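Examination of the molecular architecture
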Amino acid sequence: MNKSELIEQLAIKKDISNKRAEEIVNLIFNSMTDAMVEGERIEIRGLGSFVIKDYGTYTGRNPKTGEQITVSPKKLPFFKVGKELKERVLG
């Protein structure tokens with residue numbers, strides 16, 4: 001499912017316009033993004049949690065040349081699946 005399909009499903013299930021459903025989905029996604037930018041953890045019961053993982057500096061290799069390079073520290077979003085979702089997917 002992609003974002004437009006999510007908007008369409010929300011509009012159908014809640015009997016609202018696609019424009020209103022899009023506003024709601026965008027509000028949720030923007031709120032989640034803002035929270036993660038602030039370093040907050042997001043937990044949605046039954047689905048999972050979103051956290052920011054810090055990665056320190058490390059030595060890597062340029063895949064084309066094989067030359068060693070230093071990779072700068074970075075922060076990346078990470079999703080950890082919740083127990084209920086994992087169980088449903090596994091059957």
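Since this is a predicted model, take the numbers as computed values, not measurements.

Conventions and cut-offs
Residues numbered from 1 in each chain as written. Predicted model: local features only at pLDDT ≥ 70, side-chain atom pairs only at ≥ 80, totals over all residues. Heavy atoms only, no water. Axes fitted to C-alpha atoms, helices over the stretch in contact; angles between N-to-C directions. Helix = DSSP H or I, 4+ residues; strand = E, 2+ residues; numbered from the N terminus. Parallel < 35°, antiparallel > 145°, perpendicular 65-115°, else oblique. Left-handed = near helix turned anticlockwise from the far one by under 90°. Contact = heavy atoms within 4.5 Å. Pairing = 2+ DSSP bridges. Salt bridge = Lys/Arg side-chain N within 4 Å of Asp/Glu carboxyl O. Buried < 20%, exposed > 50% of the residue type's maximum accessible area, 1.4 Å probe, protein only. Phe/Tyr/Trp six-rings, centres within 6.5 Å; stacked < 30°, edge-to-face > 60°. Lys NZ or Arg CZ within 6 Å of the ring centre and 35° of its normal.

**Digging into the packing of helix 1 (residues 3-14) against helix 2 (residues 18-37)**
- Contact pair helix 1 / helix 2: the axes reach a minimum separation of 8 Å and the direction vectors enclose 120°. What the angle tells us is that helix 1 and helix 2 run oblique. Crossing of helix 1 over helix 2 shows right-handed handedness. Touching Lys 3, Leu 6, Ile 7, Glu 8, Leu 10 and Ala 11 of helix 1 are Asn 18, Ala 21, Glu 22, Ile 24, Val 25, Asn 26 and Phe 29, all from helix 2.

**Concerning the sheet that holds strand 5 (residues 74-81)**
- With antiparallel pairing, three strands are arranged side by side in an open sheet as 1-2-5. The open sheet has two free edges, formed respectively by strand 1 (42-44) and strand 5, since each of these has just one partner strand. Put simply, the sheet's adjacent strands are angled 25° from each other on average, direction ignored.

**Here's the deal with the pattern of salt bridges**
- Scanning the entire structure with this criterion turns up three salt bridges.
- Across the salt bridge formed by Glu 23 and Arg 20, the nearest N and O atoms sit 3.1 Å from each other. Linking Glu 23 with Arg 20, this pair stays in helix 2, spanning three residues, or about one helical turn.
- Assessed through its relative accessible area of 45%, Arg 20 is described here as partly exposed.

**Describing helix 3 (residues 83-90)**
- Burial analysis of helix 3 places just zero of its eight residues in the buried class, a small minority of the element.
- Looking one or two residues beyond helix 3, the residue adopting positive phi is Gly 91, at roughly 95°.

**With respect to the packing of aromatic side chains**
- Enumeration according to the criterion identifies one aromatic pair in this entry.
- In this arrangement the basic side chain of Lys 53 is found over the ring face of Phe 78, its NZ or CZ atom lying 4.0 Å from the centre.

**Overview of the pairing of strand 3 (residues 58-61)**
- Where strand 3 meets strand 4 (residues 68-71), four bridges bridge the pair, whose relative direction is antiparallel. Residue pairing across strands places Arg 61 opposite Gln 68, the latter belonging to strand 4.
- Between strand 3 and strand 4, which pair antiparallel in sequence order, lie six residues; one of them, Gly 66, sits at a positive phi of approximately 80°.

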